[in-house]
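Architecture and fold: a report
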Amino acid sequence: MFISLLFLCSVVLHCATSQSLTESISGRLGGFVTLKCGEPGIEWVKATSNGQLINVKDLGDRRYITLQDGTMYISRLKTEDAAVYTCMQEGLPLKMITVSLAAKPTIVIRPSDVTTAPGSLVHFPCEGSGEPEPKLEWRIGRTTLTSAPVIPDGLTDEEIMNYDASGKFLITESGHLYVRDVTSHYTGQYICVLNNDGGTVWATANLLVVETPKITSAPTDMTVLDIDVVGFACRANGNPRPKMSWRIETDEGITITEDVLLSSSRYQKDHFNTLRIRFPLPSDSGKYICIATNAGGSVEAAARLNVYLTPQFRIPPKDAWVPFGNSAVFSCTVFGSPTPVIEWFKDNEYLPFSNTYQIQHVTRPHEVQERLVFAAVQFEDTGFYECRASNEAGTARHEFSMAVTDGTPFPGDRFVKDALEYAQNFVNSAVQETQVILSARFNSPNFQPTPQDLFHLVRQPTRQTLYMAMSAEVFEHALDYIHERIEELNATSLARNQQPLGSLLSPDAIDHLEDLSGCHARKRMPKCDMRCQLMSFRSHDGTCNNVKNPLWGSGLHSMNRFLPALYENKYNTPRGWSHTLPSARMISQRLMKTHTTSDHAQFSILMMHFGQFLDHDLAQTVEGPSETSFAPFLRVRCEQTCSNSMPCFPIEIPTNDTRIDAQCMPFVRSAATCGTGDTSVFGKEVKVREQLSQVTAFIDASLVYGSADEEMETLRDRSANKGQLRVGREYMPGKHFLPREDSLIPEELESQRRCIGRAATVFVDCFIAGDFRATEQPGLAVLHTLFMRQHNHVAYKLAMINPQWNDDRVYEEARKIIGAVMQHISYTEYLPKVLGEEGLKLIGEYEGYDTDTDPSVLNEFATAAFRFGHTLIPPTLFRRGENYQEFELGDMSLHNSFFTPYRLTDEGGIDPIIRGMIMQNLKVPDGKLSDSLTERLFHVVAQVSLDLAAINIQRGRDHALPTYNDMRQVCGMRRALNFHDLQSEIRNATTRQLLSELYTSVDDIDLWVGGLEEDVAEGALVGPTFRCIIAEQFRRTRDGDRFWYESDKHFTPEQLRQIKKVTLASVFCDSADNITAVPEDVFLYNPDAHRYKKCKDLPKFDFDAFMDCGGADYLRYESYDFEHTNAQSVSPTGTIIVTETGPTATGTGTGPTLASTHTTKPYEGTGAYTGTTAAPVVTTKSVTEMQTAKDVTELLTEMQTGGQNHPVEESSTEMYSETESDDLMKGSGDQKADMMDNHSDNMMENFPDATEKDAMSIREDLAYLRKNLETMKMQMTRLNENLVTTSFQVTMLEDRLLVEGGCNVDGTVYEQGEQFSGDSCTFCICQGGEVSCVPDPGCVQVVL
């Protein structure tokens, strides 16, 4: 419908008379507008450009929508929609609305990129136009500057720099942005945004504040041995981020640039500019220069590397037999860095000056050669010589002998050469044969291991033990060979068990034989006087714990004895070798086997598991390596013979045995120590055969770290330089299994280190730890895993609070703590339950280190008494789920769980087994072994299983243990004359009757058998004989250990308090996968999981006690009250360094003395202080840590003022004011308190109406105020420590993410695969360390 022009004019005139009836609105193309009239039942009329009025209904345009209330929407605006719209009701106009279309802004003046120096004034111009006039705002990245002050246009740069306004950013009235006094923190993208109804446009400019690089973490000088992995760390700040590089100036005058350096695989540089050198050589010594370069310049920082190489013999001197009067030359060539110095010794004394010899000397770089030349040897020149080479890295020794002969032969001398050749070939081929046989077995597609194969896994030697055992066997074989040759010649009648046979070989031949077999080298006494590190840390092999007796308690050393050895021939053949004793298998079957077990009401199965773990820390004997009969000219393996022929000592099987249809069960004797048994028969006296223990005798966690330097080095992870142990596969974040590589295994025995996979015929690598028995059963593997993780947890914490420590220091300190934890748990949680109250009295109180106590393991302890734990083993091992409910995979039968690492790796980690150990009762110690151990030990389908009870009995005979009757007499009981006399200790008449049927005499009862059959002592798990032996061993272990944790030489009182907080329960909480609640004493049986204590509620280990401040200890200032005189006013900051501790402390402090007495606050300045306290608390908190609260104040102040570190957060919520922060952190509240104190003293004078009670009340308020202020300070200090910790953890996480393919974008680290929004409407993803960006479809961008 068309409306006349006259009507339009009337509408316009009508609307013009009322301002409220006219309105103008603006829209943009493609947008929408809303026209409101406010009356229902109206119509809208549009005035076209040619003057016509059209009812919008007649337009037929669906973009026009009118609602019932009269509101009209026009969507997707077009150019023709710009018009005047009138709402009509019954022909009368009610309101006229003019719709116009806005024009998007246009940028007239654009900002440009700026590169400038710190401290400059930066100007970013920006102006635009548009209809309506656009709004201008500035952004920095994604942050909008909303509160920057507005300044007039036209000011000079100087006026702007000095303009009286807070903050760095100023915006002029025309929209130009100025940034004052810029620093590198203000580098970034600045965006000028113009916006109106027509749209949004922007222009960007980049600001680069060039800051000359500054080294923030410089490399430090290092001196390392050749076995170390060197890491030089260097960090630098600057803008743009400096490019980091390295240059080396070697001592040989060669300059090596980084590109040449990194072309060698020995040099590696990571993302953080840490330069690492693998297996550094002496030629690597020199100056290492870190270079940081950017557009602002270049800076350097240098550190010196000294690569020390312990002396190594390239051409050692050799033994010689020299006829009298002949010449002799011994050449000794040694390599090392610095160049070694050679000294010569004879018979352990410095070689005296003599005209009979001369020394010729030649020196080359890092090498020295000396020749000891005899022109004509004399008889007195006979002896043992030593070429000793020393430098700053250490000392190397090579011993050799010279024998001056007169040509008179001994009967056996003529056979020495052949004997050695025969013996070496025999032993080497026997070991190789063992390797070949086992390798063939394990590599066979249809192979199933025999129980004997699996038994090998728990008695494996280390490489050093193998060589030592082989040396003893070579010597024994050689002697046997000579013995047989002389007998064939009827030279003499040989009765080795009655007299020494030194008359058959010359002393020179004996020494020569001993030396070439390797036995002489094994007997060398370690030198402790030059090993300064041993004052602070244990050696790994246990040597030099006792400086006077360096081998006491060491690994690869013979075990000690309670009573003399009881050999059948007095020196090396075991009881039962040739005369009748009851079969060990028969004793096991009739007396020691049980099908049923009873649960102990008080203790959990952890008593058994931890007991085995502790036993493995103290002792391990190994079998002879060849496992082949020593009978001359007879080669037969021990598993193939039932004859007693060294080293075979098979166990006889009774004819009526119900399970085993064979004549015997294989048994190989334990390896002997060189110089005992057969290897002593040519000396002045026969020494009884002594067994070798390959682990240290101390509770030092050697089963975690190894008992030899070689093992230690293989188990350590030097890549992170943080004292860590190697780990295996990660099960969950931060929780790893033990490693499973076989690098610790001697090549000769590698095939024997195989464990069982999920399928019985699938074999996998065993777990590797400091003890080869780690995978024997799942509970043992769990404890090994826990203590490996615990070490890494402790090492991480120590490295964090002591960044100045190197890799070795962190490792040794963590190892010392873990060893102390093992000792504490053993003596406070485990042993009291084993020995009972009376047994603990036998150990006695600790009175300090006793140099005359030999801590070496007693054979009676390791081979008999501590094997009482075998009676505690149940046939089934429990597993429990997350809330201690039934586990979905069920429990484990013991006989199917030996050497099965998959029980941990593939069946839920270690937590189900830990919960099962907590929830399972201990088996009652009734002198019986579960038939899983006597009938199914190392059970394999279709194979004859071993018998642990029979093996233990036979092992006791092999080791020449005293009889039960001998031992009980030593332990204070009456010697039994017959079996009836045993009734006081063995009350069970049936047991005594069986003993009488098995043994001919009460004097024949084996120690292990008799000790187990005794009634358990009150409050203990063992009888009186075993209690006596165990108590004596642990007394010696404690008192003979120079590094015992309760000694005052190794831990401060505060450190010892922290160690004593640790329990096995807290180890579970710290290092299990996800254990959250445990009984406080996990050794006590407690099936009610609802009563368990939350891990978070257990006492916490405070690592601050282990912070190394260097020099004197620092005290927590709240722990001492210091009296002062000579009142002066000082600022309340500083610290006090205490040089003596105890009930009276003296020391030096900062600040003059104070007016108030009994203050707990440190002060500035210098002065001497004395003070007293009832219970001083010593800590290792440094001055820097004491004052960290000040750092927090500065940070808060900077954030509040829009400081450099937070340039774009001016609109943030206001933090503490500077005054409030100073009052809170710097102690102005204390000054107010001092004023109150003085005021209260004069209250009666100032306020006549005040009473003494009022004064006392104020004093009480004052004390409360002081206490709260100190508490607040400590809380703020702790907060800052947590911030530092968190920052460190974030840095570590970022480092890990970058190594794993993460991306660093302007200081923000994104994970591999993480998505994020980029600048300028882009969508980005981190892939393989690179960032890829694509347009963001959800972002509208206007291209200018």
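One structure accompanies this document, and this report is about it. (Residues numbered from 1 in each chain as written. Predicted model: local features only at pLDDT ≥ 70, side-chain atom pairs only at ≥ 80, totals over all residues. Heavy atoms only, no water.)

This paragraph deals with the overall build of the chain. Helix and strand counts for the chain stand at 31 helices and 67 strands. For the chain, restricting intrachain contacts to residue pairs at least 6 apart in sequence, the fraction spanning at least 24 positions comes to 69%. Carbon and sulfur atoms form 50% of the exposed surface of the chain, whose accessible area is close to 60,100 Å². (Helix = DSSP H or I, 4+ residues; strand = E, 2+ residues; numbered from the N terminus. Contact = heavy atoms within 4.5 Å. Areas by Shrake-Rupley, 256 points an atom, 1.4 Å probe, with all protein chains shown as cover.)

A word on the state of the cysteines. Here a disulfide denotes one covalent bond, and it connects the sulfur atoms of two cysteines. Following the criterion strictly, the structure yields eight disulfides and no others. Two residues share a disulfide in this structure: Cys-126 and Cys-192, whose sulfurs sit 1.9 Å from each other. As the torsion about the S-S bond is roughly -80 degrees, the Cys-126-Cys-192 disulfide counts as left-handed. Separated by 66 residues along the polypeptide, Cys-126 in the loop between strand 12 (122-124) and strand 13 (127-131) and Cys-192 in strand 19 (residues 188-196) bring together distant segments of the chain. (Disulfide = S-S within 2.5 Å.)

All right, on to the side chain of Glu-829 then. Along the chain, Glu-829 falls in helix 14 (residues 807-843). No salt bridge is formed by the buried Glu-829. Its closest oppositely charged neighbour is Lys-833, at 5.8 Å. Apart from the residues within four sequence positions on either side, Glu-829 is in contact with His-824, Thr-1063, Leu-1064, Glu-1080, Asp-1081 and Phe-1083. (Buried < 20%, exposed > 50% of the residue type's maximum accessible area, 1.4 Å probe, protein only. Lys, Arg positive; Asp, Glu negative; His and termini not counted. Salt bridge = Lys/Arg side-chain N within 4 Å of Asp/Glu carboxyl O.)

Counting through the fold element by element, Leu-1012 comes out in helix 22 (residues 1007-1013). For Leu-1012, a relative accessible area of 8% gives the class buried. Between the C-alpha atom of Leu-1012 and that of Arg-867, which follows or precedes it by 145 residues, the distance is 9.1 Å. Discounting residues that sit within four places of it in the chain, Leu-1012 has contacts with Met-592, Phe-868, Thr-871, Gly-927, Leu-929 and Phe-1026.

This next bit is on the sheet that holds strand 18 (residues 177-179). Spatial strand order, 12-18-17-16: four strands in an open sheet with mixed pairing. Unpaired on one side and paired on the other, strand 12 and strand 16 (150-151) mark the two borders of the sheet. Pairing geometry for strand 12 and strand 18, over three bridges, is antiparallel. Residue pairing in the sheet places His-123 in a bridge with Tyr-178 of strand 18. (Pairing = 2+ DSSP bridges.)

Our focus in this paragraph is a nonpolar patch on the surface. A cluster of nonpolar residues, Phe-32, Ile-65, Leu-67 and Tyr-73, forms a patch on the protein surface that exposes about 380 Å² of accessible area. Relative to the assigned elements, Tyr-73 resides in strand 7 (residues 72-74). (Patch = residues over 30% accessible without salt bridge, like charges linked within 9 Å, V, L, I, M, F, W, Y side chains within 5 Å.)

Turning our eyes to something else, we now look at helix 21 (residues 989-998). For helix 21, every residue scored as buried is listed here: Thr-991, Arg-992, Leu-994, Leu-995 and Leu-998. With its buried residues spanning 160 degrees around the axis, helix 21 presents them on a single face. The inward-facing, buried residues of helix 21 abut helix 9 (584-592) and helix 22. Here helix 21 starts with a cap whose side-chain oxygen sits 2.9 Å from the backbone nitrogen of Thr-990, and that cap is Asn-988. (Arc of directions from axis to C-beta. Polar contact = N/O pair within 3.5 Å; in protein donor to acceptor, adjacent residues only side chain to side chain.)

As a further point, take the packing of aromatic side chains. Here the structure, examined in full by the defined rule, presents 38 aromatic pairs. Summarising the aromatic geometry, the rings of Phe-374 and Tyr-385 are spaced 6.1 Å apart at their centres and angled 80 degrees between planes, so their arrangement reads as edge-to-face. You can see Phe-374 sitting in strand 36 (residues 367-374) and its partner Tyr-385 sitting in strand 37 (residues 383-391), a full eleven residues away along the chain. Neither Phe-374 nor Tyr-385 differs from the other in exposure class; each is buried. The ring of Phe-345 carries the charged tip of Arg-388 above its face, separated from the ring centre by 3.8 Å. (Phe/Tyr/Trp six-rings, centres within 6.5 Å; stacked < 30°, edge-to-face > 60°. Lys NZ or Arg CZ within 6 Å of the ring centre and 35° of its normal.)

One open sheet holds the three strands; their spatial order is 3-7-6, and the pairing between them is antiparallel. With partners counted over all chains shown, the strands left at the sheet margins are strand 3 (33-35) and strand 6 (64-66), one partner each. In this sheet, adjacent strand axes meet at a mean angle of 20 degrees when their direction is disregarded. Pairing of strand 3 with strand 7 involves three bridges; the strand directions are antiparallel. Its bridge partner lying in strand 7, Leu-35 is registered against Met-72. (Axes fitted to C-alpha atoms, helices over the stretch in contact; angles between N-to-C directions.)

On to helix 9. Among the nine residues of helix 9, seven are classified as buried, and the element is accordingly described as predominantly covered. Within the sequence span of helix 9, burial applies to Ala-584, Arg-585, Ile-587, Ser-588, Gln-589, Leu-591 and Met-592. Capping the start of helix 9, Ser-583 holds a side-chain oxygen 3.2 Å from the backbone nitrogen of Arg-585, two or three residues further along.

Okay, the packing of helix 9 against helix 21 next. Running from amino to carboxyl end, helix 9 crosses helix 21 at an angle of 160 degrees, the nearest separation of the two axes being 10 Å. As the angle between them shows, helix 9 and helix 21 are arranged roughly antiparallel. The handedness of the crossing between helix 9 and helix 21 comes out as right-handed. Counting all contacts with helix 9, which are made through Met-586, Ile-587, Arg-590 and Leu-591, the residues of helix 21 involved are Thr-991, Leu-994, Leu-995, Glu-997 and Leu-998. (Parallel < 35°, antiparallel > 145°, perpendicular 65-115°, else oblique. Left-handed = near helix turned anticlockwise from the far one by under 90°.)

A separate point is unusual backbone geometry. As a rule of thumb, non-glycine residues mostly have phi less than zero, and peptide bonds are mostly trans rather than cis. With omega at -5 degrees, the peptide bond leading from Asn-239 into Pro-240 counts as cis. In this fold, Pro-240 is placed in the loop between strand 24 (235-239) and strand 25 (243-250). Of note, the bond from Ser-337 into Pro-338 is cis; its omega dihedral lies within 30 degrees of zero at -10 degrees. Counting through the fold element by element, Pro-338 comes out in the loop between strand 32 (328-337) and strand 33 (341-346). Positive phi, normally seen in glycine, also occurs at Glu-90, with a value near 50 degrees. Assignment of secondary structure puts Glu-90 in the loop between strand 8 (83-89) and strand 9 (92-101).

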